[in-house]
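# Geometric and topological summary
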Amino acid sequence: MKILSIETSCDETGISVLQKENSSETITLLGNALASQIALHAQYGGVFPAMAKRAHAEKIVPLLKAALLEAQPLHTKESSLGTDNKELILSICKREDEMVSDFVDLFNTYEKPDIDYIAVTVGPGLEPALWVGINAAKVLSTVWNIPVIPVNHMEGHVVTAAVTEESGDKKSYTFQELQFPLLALLVSGGHTELVLTKNYGDYEKIGQTRDDAVGEAFDKVARMLGLPYPGGPAISKMAKEFRASGKAQPFELPRPMIHSQDYDFSYSGIKTATLYTIRDLGHELTDEEKMALAAAFEDAAIEVLVKKTIKAIEEFNIQTVVVGGGVAGNTYLREQLMQTVQKKFPQTTVLFPEPWLATDNAVMIGLAAFARVLNNTMATQDALTLKANGNLSIER
Ligand code: KG4
Ligand code: ZN
């Protein structure tokens, strides 16, 4: 079975082709193309939906072609696309006219490839960005007659921690045997949530941020410190240098909601406290102060995540913790969570994704679709009825 997957929920345009043979457990990545808009959004310190949408629409068909050609030889076509199909493409892509001529070109050049399903992110995310991937899926599904599997982006982040890469070349994945109940800590630029999972695909959100997401706080604090977008990796690097220096920490930032009885989070308070700390210093930050503040922020941000995760492990007798989303790439979170769980609940397994799967990509969307195929919970949807849902919840 071959699945073509499409991801456009935020600022990465991703297309992948994954394959699973009936006789094997292994899922092979045959083709993968990813274009990041980081450079485009870096100058503004965050993602602008309208710009993200245009950049996705410009890149998506060239990436599709690259991923398909990497995955398999494509047969060139004898006859050109009929007027019916041309009109269909025009009507589906009426808000993404950048894609129209690229699609017409693609369909005029190549025969239908050997693909069984198209998996596409339908939410959550930025709706204008999501629509680009969805409309691309509509076009491909209709012209090539391939069924579509709608995928929740957060489920993609969950499965990235549950696969093992075997061959060292980022190409072969197998799903690990997971022990339930499982807890997913989902931490990205748009989400901070704890999700309880008693069975695969059956999710219950037990807590979430009441304001900013943790990744968003990393990005905003990075901006205050004059660091580039996305802020997570830059802050983390400075914080690490500060800790290695052994110097005393001059700053103390709050840990909002750390003692609350629920599993909710709040990150706007730490961000504001950082702003006030900078303001109260009354001078341009020195490099040393920036490093110390980066560490103070990372300490506070990560401590709350670890504390609430531990509380949930205890209350729900959690056997496996999976961490997903861009912030799962944070090495300090990894160290702190692994150490604390190992000490307090040694029977509980903590799984993190490989760093290249932590931030947004299309491999995770294809893997989420395969996870559903393997668990017999895969559902297709008539492509023309697909809709973007920016607030789509992981709960059904
Ligand atoms: O999952 P993702 O790629 O996109 C969303 O779905 O939001 O997550 C991006 C977020 C950004 O806020 C970025 O600053 C954060 O993940 N991030 C990190 C790290 N790498 C990325 N945050 C902390 N430490 C990191 N190493
Ligand atoms: Zn994401």
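Structure first, text after, so check above.
A brief report on the enclosed structure follows. (Residues numbered from 1 in each chain as written. Chains lettered and ligands numbered in written order. Predicted model: local features only at pLDDT ≥ 70, side-chain atom pairs only at ≥ 80, totals over all residues. Heavy atoms only, no water.)

A few words now on empty space enclosed by the protein. Following the criterion strictly, the structure yields 1 cavity of 30 Å³ or more and no others. The space that makes up the largest cavity amounts to roughly 40 Å³. If you trace the largest cavity, you find it lined by Val 158, Leu 178, Phe 180, Leu 182, Thr 197, Tyr 200, Gly 201 and Tyr 203. Tallied by class, residues from the lining of the largest cavity come to 6 nonpolar, 2 polar and no charged. (1 Å grid on protein atoms, 1.4 Å probe; cavity = no way out; pocket = protein on both sides within 12 Å on 5 of 7 lines; lining within 4 Å. Points joined across faces, edges and corners; volume = space filled by probe spheres on them. Nonpolar A, V, L, I, M, F, W, Y, C, P; charged D, E, K, R; others polar.)

This part covers the nonpolar core. Membership of the largest hydrophobic core comes to 57 residues, with the highest contact counts inside it found for Tyr 267, Phe 297, Leu 305, Val 323, Leu 333 and Leu 337. Elements with a contribution of two residues or more to this core: strand E8 (182-187), strand E9 (192-199), helix H7 (214-224), helix H8 (231-245), helix H9 (268-281), helix H10 (287-316), strand E11 (320-324) and helix H11 (331-344). Residues contacting Leu 337, with those up to four places away along its chain left out, are Leu 185, Val 306, Thr 309, Val 321, Val 323, Val 350 and Phe 352. (Core = buried A, V, L, I, M, F, W, Y, C linked by side-chain atoms within 4.5 Å. Buried < 20%, exposed > 50% of the residue type's maximum accessible area, 1.4 Å probe, protein only. Helix = DSSP H or I, 4+ residues; strand = E, 2+ residues; numbered from the N terminus. Contact = heavy atoms within 4.5 Å.)

Side chains that are three or four residues apart share a direction in an α-helix, a result of its 3.6 residues per turn. For helix H13 (residues 363-374), built from 12 residues, the straight-helix expectation of 16 Å at 1.5 Å per residue is met to within 8% by its first-to-last C-alpha distance of 16 Å. Of all 12 residues in H13, 10 are buried, a share of seventy percent or more. Of all the positions in H13, only Val 363, Met 364, Ile 365, Gly 366, Leu 367, Ala 368, Ala 369, Phe 370, Ala 371 and Arg 372 are classed as buried. (Expected span 1.5 Å × (residues − 1).)

Before going further, it helps to spend a moment on the side chain of Lys 53. Turning to its location among the elements, Lys 53 is positioned in helix H2 (residues 49-71). At 2.8 Å, the side chain of Lys 53 and the side chain of Glu 96 are in polar contact. Excluding residues that lie within four positions of it along the chain, Lys 53 makes contacts with Arg 95, Glu 96, Pro 128, Ala 129 and Val 132. (Polar contact = N/O pair within 3.5 Å; in protein donor to acceptor, adjacent residues only side chain to side chain.)

This part covers helix H5 (residues 127-144). When the terminal C-alpha atoms of H5 are compared, their 25 Å separation across 18 residues agrees well with the 26 Å that a helix rising 1.5 Å per residue should span. Burial analysis of H5 places 14 of its 18 residues in the buried class, which makes it a mostly covered element.

This brings us to the site of ligand 1. Close to ligand 1 lie 20 residues, the nearest being Gly 189, Asp 219, Gly 326, Asn 330 and Asp 360. Between ligand 1 and Gly 232, the relevant distance is 3.1 Å, taken from an oxygen atom to a main-chain nitrogen or oxygen of the residue. Coverage of ligand 1 by the protein amounts to 89% of the 560 Å² it exposes when considered alone. Of all the elements in the fold, those that place two or more residues in the shell around ligand 1 are helix H6 (153-162), H7 and H8. Per-element tally for the shell around ligand 1: the top contributor is H7, with 4 residues. Residues that form the shell around ligand 1 fall into these classes: 4 nonpolar, 13 polar and 3 charged. (Near = heavy atom within 4 Å. Areas by Shrake-Rupley, 256 points an atom, 1.4 Å probe, with all protein chains shown as cover.)

Looking at the metal site, the zinc ion (ligand 2) is ligated by His 153 (NE2), His 157 (NE2) and Asp 360 (OD), spaced 2.0 to 2.1 Å from it. Here the donor residues of the zinc ion (ligand 2) share one chain and are spaced in sequence as H-x3-H-x202-D. On the criterion of helical spacing, the pair formed by His 153 and His 157 is a turn pair, its members being 4 residues apart in helix H6. Here His 153 falls in the buried class, since its relative accessible area comes to 5%. What makes His 157 buried here is its relative accessible area of 0%. (Donors = N, O, S within 2.8 Å, 3.2 Å for Na, K, Ca; no water.)

Further remarks concern the sheet that holds strand E1 (residues 2-7). Across the sheet, 7 strands lie side by side as E5-E4-E1-E2-E3-E7-E6; this open sheet has mixed pairing. A single partner strand is all that each edge strand has here, and the edge strands are strand E5 (148-152) and strand E6 (163-165). Averaged over all pairs of adjacent strands, the angle between their axes in this sheet comes to 30 degrees, without regard to strand direction. Pairing analysis gives 4 bridges linking E1 to strand E4 (residues 117-123), with the strands arranged parallel. Residue pairing for E4: Ser 5 is matched across the bridge by Ala 119. Across the sheet, H2 touches E1, strand E2 (12-20) and strand E3 (27-36), and the angle it forms with E3 is around 155 degrees. (Pairing = 2+ DSSP bridges. Axes fitted to C-alpha atoms, helices over the stretch in contact; angles between N-to-C directions.)

Below, the discussion takes up the pattern of salt bridges. Enumeration according to the criterion identifies 16 salt bridges in this entry. Here Glu 96 makes a salt bridge to Lys 53, at a shortest N to O gap of 2.8 Å. Residue Glu 96 is located in the loop between helix H3 (83-92) and helix H4 (97-109), and its partner Lys 53 is located in helix H2; the two are separated by 43 residues in the primary sequence. Across the pair, Lys 53 and Glu 96 agree in class, each one buried. Where Arg 243 meets Glu 298, a salt bridge forms, and the shortest distance between an N and an O atom there is 2.8 Å. (Salt bridge = Lys/Arg side-chain N within 4 Å of Asp/Glu carboxyl O.)

A few words now on the sheet that holds E8. As summarised here, the arrangement of the 5 strands in space is E10-E9-E8-E11-E12, forming an open sheet in which the pairing is mixed. The sheet terminates laterally at strand E10 (202-208) and strand E12 (349-351), the two strands that pair on one side only. Neighbour-to-neighbour, the strand axes of this sheet turn through a mean angle of 20 degrees, independent of strand direction. Strand direction decides the pairing type here: E9 and E10, joined by 6 bridges, are antiparallel. If you follow Asn 199 over to E10, its bridge partner there is Asp 202.

Time to look at the pairing of E11. The element E11 is extensively covered by neighbouring structure, given that 5 of its 5 residues are classed as buried. Alternating positions in E11 separate into two faces, Thr 320, Val 322 and Gly 324 on one and Val 321 and Val 323 on the other, with burial throughout. Here E8 pairs with E11 via 5 bridges, running parallel. Looking across to E11, one finds that Leu 183 is bridged to Val 321. Two strands pair when backbone bridges link them, and E11 and E12 are joined in this way by 3 bridges, in the parallel orientation. When the bridges of E12 are listed, Thr 320 appears paired with Thr 349. Following the chain from E11 across H11 to the adjacent parallel E12, one finds a crossover that is right-handed. (Right-handed = clockwise from strand over helix to strand, strands pointing away.)

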